[in-house]
Amino acid sequence: MELKQVKAMLGKIVYYDNQQLNMSGNSINEYVLTGCILRRKPNGQLYYQAELKELNLNSLVIVPLEKVKITKN
């Protein structure tokens, strides 16, 4: 996902590959995009992270923004 797409996708379903296979043999799961975080590495470089809420659980996952997908494929 690109930074310019975050505003339009807030509160909507996005997809993230968490590298853990579910019952159907798929590792791409649905999440709700709840936020975008700007952080600075110790060397001064800036990077973005996405805050994702799991659909059926009351938990959040923080992942690299570039690994979040708008479509399942």
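Preceding this paragraph is the structure being described.
Residues numbered from 1 in each chain as written. Predicted model: local features only at pLDDT ≥ 70, side-chain atom pairs only at ≥ 80, totals over all residues. Heavy atoms only, no water.

Of the volumes computed, that of the largest pocket is approximately 150 Å³. Around the largest pocket, the lining residues are Asn 18, Asn 29, Glu 30, Tyr 31, Glu 54, Leu 55, Asn 56 and Leu 57. Take the lining of the largest pocket: its biggest share by element is three residues, from strand S2 (residues 28-40). In terms of residue class, the lining of the largest pocket is built from three nonpolar, three polar and two charged. (1 Å grid on protein atoms, 1.4 Å probe; cavity = no way out; pocket = protein on both sides within 12 Å on 5 of 7 lines; lining within 4 Å. Points joined across faces, edges and corners; volume = space filled by probe spheres on them. Helix = DSSP H or I, 4+ residues; strand = E, 2+ residues; numbered from the N terminus. Nonpolar A, V, L, I, M, F, W, Y, C, P; charged D, E, K, R; others polar.)

Moving on to the pattern of salt bridges. For side chains bearing opposite charge, pairing can occur when the charged atoms are close. Considering all chains together, one arrives at one salt bridge under this definition. With its nearest N and O atoms 3.6 Å apart, the salt bridge here joins Lys 4 to Glu 2. Since its relative accessible area comes to 45%, Glu 2 is described here as partly exposed. (Salt bridge = Lys/Arg side-chain N within 4 Å of Asp/Glu carboxyl O. Buried < 20%, exposed > 50% of the residue type's maximum accessible area, 1.4 Å probe, protein only.)

Before going further, it helps to examine the packing of aromatic side chains. Evaluated as defined, the whole model comprises one aromatic pair. Directly above the aromatic system of Tyr 47 lies the positively charged group of Lys 41, at a separation of 5.6 Å from the ring centroid. (Phe/Tyr/Trp six-rings, centres within 6.5 Å; stacked < 30°, edge-to-face > 60°. Lys NZ or Arg CZ within 6 Å of the ring centre and 35° of its normal.)

Moving on, we come to the sheet that holds strand S4 (residues 60-64). Here five strands make up an open sheet; going across it, the order is S4-S3-S2-S1-S5 and the pairing antiparallel. With partners counted over all chains shown, the strands left at the sheet margins are S4 and strand S5 (68-69), one partner each. Two elements, strand S3 (residues 46-54) and S4, share five bridges in a ladder whose sense is antiparallel. Bridging across to S4, Lys 53 finds its partner in Leu 60. (Pairing = 2+ DSSP bridges.)

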